[in-house]
Amino acid sequence: MSQQHILQVSELTKKVRFILESELNTVWLCGEISNFIAASSGHWYLSLKDSKSQVRCAMFKGNNRRVIITPSNGQQVLVRARVSLYEPRGDFQLIIEQMEDAGEGMLRQQYEQLKQKLNAQGLFSQMHKQPLPKHIQTVGIVTSPTGAAVKDILTVLKRRNPTITAIIYPSLVQGQTASADIVAAINKASHRNECDVLIVGRGGGSLEDLWCFNEEAVVNAIYHCPLPVVSAVGHEVDTTLSDYVADVRAATPSAAAELVSNDVLELHEKISSLQKRLLANKKQGLNLKRQKLLALSHRLSRVHPEQQLHIQQQKADELNARLTLAMLRELLRFSSLPQQLHKRLLQASPEKSLADKKQRLVQFQQRLLRSHEQNLLAKQQQFAHLVEQLHIVSPLATIARGYSIARDSKANIIKSSEQVTVGDEINIQLHHGALVTKVVEKR
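Residues numbered from 1 in each chain as written. Predicted model: local features only at pLDDT ≥ 70, side-chain atom pairs only at ≥ 80, totals over all residues. Heavy atoms only, no water.

Colleague: Would you mind going over the environment of valine 260 with me for this structure?
Modeller: Note on placement: valine 260 falls in the loop between α8 (253–259) and α9 (264–302). In this structure, the C-alpha to C-alpha distance between valine 260 and leucine 227, residues 33 residues apart in sequence, is 13 Å. Each residue touching valine 260, except ones within four places of it in the same chain, is listed here: Ile136, Val139, Leu157, Ile164, Val197, Ile199 and Val230. (Helix = DSSP H or I, 4+ residues; strand = E, 2+ residues; numbered from the N terminus. Contact = heavy atoms within 4.5 Å.)

Here you go:
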């Protein structure tokens, strides 16, 4: 017992909570609501149960604000929750993050799973989508022949362009057999190939009402349809898998009709504008041709063919005279060429070149002598200046002013009386001559 760590209750609940939250993380759960309480704080507390078990749940107000259903006891719901533990009581519980009606929630899960699958297969890729034809004459419509959608489409087509032909391929658009009916209608339109574009759709409804347009068979039929397909399912907020695979998605059936039809008034205005531009271009072209014709007629009336021939003959005479003059100039140039060459040869003669070089040599010699004389004079002046400076600092100049230099017997200059003793001989150098003396007394 002493070797084992004894846990506190709070430590145990904390460990259990950590294990639950790290191992199980987020789960989807379907069950029946019981013991539902909407607290004054805004949080919801309830239990989810089935025939064998139940689990306590909490949904905080930050998450339950997004719930579109009104929870009540006995209601079947689909929730996404985190597995946790309420430590103060040690109760195992779920923290709900999302809640939906069980029926619609399961459909939404199936929708997301099938969407991911078909997207991975490349059915929603933009590279497979066809552009709508520019000029549409016939529109195919796959929908219920008695629904509001077909009426809206036909009304818009008639208003915008009555010349467009509409072919209805009747089909169920709700119920268990609707998807097979829609596939058969799309295949019939593809096989007949009698329309330029195909609208597939219906009016608005719940997710369950629109579910046939999420069926994999319908998505594949649209994907393999050789005709450009416009998906027009529900209202603007409704999105089905048929919208993703279609070549173009329209927010409503009426919007689809507008996409595939050109407004007749706009076409008339465009045609009228093109006609005006065409007439203006024709008038401008005719005016240019008329002006050119008048100019040519004017030139033809001014210059007669015989006069034109005289003008050409005169030009020929002028060119002949210019040619003769040019030939004379060339002959004169060639006749003076030998004299020019002889003159150039004399200028390039070796004798003249040698005389020039001798003259340059004399000039160089004279410059060398002048440079040598100037250099010698400068050296002499520099030498005299140095001698003068040397004389200024020479000790002989100092001696000439009355001073003398005393040396001992070893020729060392005596600067202090301590260097000699009484009786030593001293040599004294004067300005003129020298003296040999003997020390008789030291002071």
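Colleague: How should I be thinking about the sheet that holds strand β12 (residues 425–429) in this particular structure?
Modeller: By definition, the strands of a sheet pair up through backbone hydrogen bonds, in either a parallel or an antiparallel sense. Taken together, the 3 strands give an open sheet; going across it, the order is β11-β12-β13, and neighbouring strands pair in antiparallel fashion. With one partner strand each, in any of the chains shown, β11 (405–407) and β13 (434–438) form the two edges of the open sheet. In this sheet, adjacent strand axes meet at a mean angle of 25° when their direction is disregarded. (Pairing = 2+ DSSP bridges. Axes fitted to C-alpha atoms, helices over the stretch in contact; angles between N-to-C directions.)

Colleague: So what exactly am I meant to see when it comes to the packing of helix α5 (residues 178–192) against helix α6 (residues 216–224) here?
Modeller: For any two helices packed against each other, the geometry is given by the interaxial angle and the distance between the axes. Contact geometry for α5 and α6: axes closest at 9 Å, N-to-C directions at 10°. In terms of axis orientation, α5 runs roughly parallel to α6. Of α6, the residues touching α5 (which contributes Ser179, Ile182, Val183 and Ile186) are Ala217, Val218, Ala221 and Ile222. Of the residues belonging to the contact of α5 with α6, the class tally is 7 nonpolar, 1 polar and no charged. (Parallel < 35°, antiparallel > 145°, perpendicular 65-115°, else oblique. Nonpolar A, V, L, I, M, F, W, Y, C, P; charged D, E, K, R; others polar.)

Colleague: Whenever I open this one, the sheet that holds strand β6 (residues 138–143) confuses me. Can you help?
Modeller: Ordered in space as β7-β6-β8-β9-β10, the 5 strands form an open sheet in which the pairing is parallel. Since the sheet does not close on itself, it has two edges, and those belong to β7 (165–170) and β10 (248–249), each with one partner. Along the sheet, α5 makes contact with β6, β7 and β8 (197–202), crossing β7 at roughly 140°.

Colleague: Looking at this model, I keep getting lost on unusual backbone geometry. Mind explaining?
Modeller: Across residues other than glycine, the phi torsion is negative in most instances, and most of the peptide bonds are trans. The phi torsion at asparagine 193 lies on the positive side, around 55°, for a residue other than glycine. A relative accessible area of 53% places asparagine 193 in the exposed class. Notably, alanine 411 is not glycine yet its phi reads approximately 70°, a positive angle. When you line up the elements, alanine 411 lands in the loop between β11 and β12. (Buried < 20%, exposed > 50% of the residue type's maximum accessible area, 1.4 Å probe, protein only.)

From the geometry alone we can't say anything about function, so treat these as descriptive.
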